[in-house]
Every structure is written in structure tokens, then in C-alpha cells.
Amino acid sequence: MEAVTQQIPLEHFLVLSAILFSLGVYGVLTRRNAVLILMSIELMLNAASVNMVAFAAYTSPEQFIGIIFAIFIITIAAAEAGLALAIILRIFRYRKTANVDEIDELKW
Amino acid sequence: MTVAQGVFYLIAALAVTGGLGVVLMRSAVHAALFLILAMLAVAGLYILLASEFLALVQVLIYGGAVTVLLIFALMLTRASDLPETMVGSQWPLAAVVSSLLGGLLIAAVATSNWPGDVGETTLVPFEVLGDALFRRWAVPFEIASLVLLVALVGAIVLSHQDEGE
């Protein structure tokens, strides 16, 4: 029985992560609702984590630095989600909207 | 095709389906449900790459906490009442930009030389992972805990209802 890393080339994981990242970019550029933009950002962070873990499994399995990195990515993403949603709720309370096109006081 | 390859392509298809649902669904709640699908598929990838601790963390934090938080925010901002404001007018440009970026990344992946397989994928035991996290990576770990604390206090302060409102 061969190991998973011998049956599937590393490139497959990298291509999958590139596809997920591009989808996240598309979501960030098209969505107008702040919560949905946040969802697309979470998708991009996940794509980066997949990259990290794939490299960890294929290049340094005994050091697993990529796994440590992915743990920190998840930690920061959780903090970011909580804080961003608090900001969105605050904006919604003042402006009665979560549409990022209508929140344009800083636009010159 | 071996079993592992079949599992990988199934999981990859699920992840891409979830990602497409997140960016294309008209209903915000449906997009959140597709986000859960994508997160769980990524957890499956982690199991395939023999990092089961990360898969558990992924299911607990992303599949559970973050998506519940997002759905709560959707409910509180009444996002699903306004489906016509979900997608902006620049979607053709965004499609061109993101497909160019994706094509560039995939071309870079295809033309680079990657290190070959290293033989056996060893499962990292929980003890070894925890040992590394609390010894070698103790300083980033403490900084991450500080970041979480600041984010927690910040979220409470920001969402606190003022007396005069």
C-alpha cells in the first residue's frame, strides 16, 4: 500500500488551492454585502492553509512547520471574523445597511 | 485509479462546488451553507494529508463557530431581504481578473519543479504536535493568544449598546 503522497502529485493540491483562492478573489470583487465579502475572505484563507499543509506533508513531514502555520492561520481567521462582524453590526446600527457601496464617507 | 485518488477527486469536487456556491448563490444563507461544505471538504483534505488534528480544528472552528457567527451576522443585518444588492455591477471585470489570477497560479504550479514525494506520510501524533507548539513555537503561540484576547475585548466594546442610543 503506497502512501497518499506517492499516489497524488503535490501539484494537484496546489491547483485545487489556486482554484479556491481565485474563487475567493472573485467573491471579494463582486459581492456587495460585507458579510458575504468576509465569507469569500475565509475561502481564500482556507486555500492558503491547504497550500501550507500540502507542502508540510510533501517536503518536511517530520518537522510539520506547515501544520503549525495552518493552526495560526485558523486562529487569526477566527479573531478576524469575530472582530469584523462586530464592526459590521456597529455600521449596520448607524447606517441601517451592510452594503459596502453605501458606506463611502471616506471616499474622496 | 486508486482509492486515495478517488477520494481526493471527490473531495476536490466538493470543495470547488462549495467555493462556487459561496461566490455565486443569490441567497446569502445558501452561500453560508455552501461555505460549510467547502470548509468540511478542506477538513477532508487535511485528513488525506495525515494531519488529523488540523482536520478536527477545521471542523470545530470553521465548520462550527465561524459559520454560525456569519449566519448570525446575516440574520442581524437582514442581508437576505435584499438579494438584488448581493452582486455588484463589476462582475465581468472581476471574472476576468480572478480567472487570470487563477490561470497564472496554475501555470506557475505546472511549470515549476516541486520536490518529489518523500516516501511514507507519517501521522504527526498529538503529543509531538503539542510539544512543538508549546516549546519551539511558544512565543507565536502566546502572541496568538494575545491577539484572540484583544479581538474578543474589541468585539465586545464595538458591539456594546451605548446608553444614549
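Quantities reported herein were computed from a predicted structural model and do not represent experimental measurements.

### Here we look at the interface of chain A and chain B
Each partner contributes residues to the interface: chain A has 73 residues there, and chain B has 87 residues. Between chain A and chain B the total buried area reaches about 7300 Å² when both faces are included, carbon and sulfur atoms providing 76% of it. Between the two partners, chain A and chain B, sit zero salt bridges. In this structure, the connection of chain A to chain B is made through 11 residue pairs in polar contact (both at pLDDT 80 or more). If you list the elements that add at least two residues to the side of chain A that touches chain B, you get helix H1 (4-7), helix H2 (10-30), helix H3 (34-59) and helix H4 (65-95) of chain A. Among the elements that make up the side of chain A that touches chain B, the one with the highest residue count is H4 of chain A (24 residues).

### Some thoughts on empty space enclosed by the protein
Scanning the entire structure with this criterion turns up two cavities of 30 Å³ or more. The wall of the second largest cavity is formed by Ile67 of chain A together with Ser51, Glu52, Phe53, Leu54, Val124 and Leu129 of chain B. No other element matches helix H3 (residues 52-76) of chain B, which puts three residues into the lining of the second largest cavity. Along the lines of polarity and charge, the residues of the lining of the second largest cavity split into five nonpolar, one polar and one charged.

### Considerations on the side chain of Thr77 of chain B
With respect to the element layout, Thr77 of chain B can be found in the loop between H3 and helix H4 (91-111). When near neighbours in sequence (up to four residues on either side) are disregarded, Thr77 of chain B contacts Val35, Ile88, Leu89, Phe92 and Ala98 of chain A.

### Things to note about the domain arrangement of chain B
The domain boundaries assigned to chain B delineate domain 1 (1-82) and domain 2 (125-165). Each of domain 1 of chain B and domain 2 of chain B was reduced to a C-alpha centroid, and the two centroids are 23 Å apart.

### Some points on the nonpolar core
Among the nonpolar cores identified, the biggest contains 68 residues, and Phe13, Met39, Ile67 and Ile68 of chain A together with Leu54 and Leu70 of chain B are the most heavily contacted of them. Within the residue set of this core, elements represented by two or more residues are H2, H3 and H4 of chain A together with helix H1 (3-24), helix H2 (28-48), H3, H4 and helix H5 (126-134) of chain B. A per-element tally of this core places H3 of chain A first, with 13 residues. For this core, the domains that each give at least three residues are domain 1 (1-82) and domain 2 (125-165) of chain B. Setting aside residues up to four positions removed in sequence, Ile68 of chain A forms contacts with Leu129, Ala132, Leu133 and Trp137 of chain B.

Each value, and the rule that gives it
- Residues numbered from 1 in each chain as written.
- Chains lettered and ligands numbered in written order.
- Predicted model: local features only at pLDDT ≥ 70, side-chain atom pairs only at ≥ 80, totals over all residues.
- Heavy atoms only, no water.
- Contact = heavy atoms within 4.5 Å.
- Buried area = accessible area lost by both parts, 1.4 Å probe.
- Salt bridge = Lys/Arg side-chain N within 4 Å of Asp/Glu carboxyl O.
- Polar contact = N/O pair within 3.5 Å; in protein donor to acceptor, adjacent residues only side chain to side chain.
- Helix = DSSP H or I, 4+ residues; strand = E, 2+ residues; numbered from the N terminus.
- 1 Å grid on protein atoms, 1.4 Å probe; cavity = no way out; pocket = protein on both sides within 12 Å on 5 of 7 lines; lining within 4 Å.
- Points joined across faces, edges and corners; volume = space filled by probe spheres on them.
- Nonpolar A, V, L, I, M, F, W, Y, C, P; charged D, E, K, R; others polar.
- Domains from an automatic or database assignment.
- Core = buried A, V, L, I, M, F, W, Y, C linked by side-chain atoms within 4.5 Å.
- Buried < 20%, exposed > 50% of the residue type's maximum accessible area, 1.4 Å probe, protein only.

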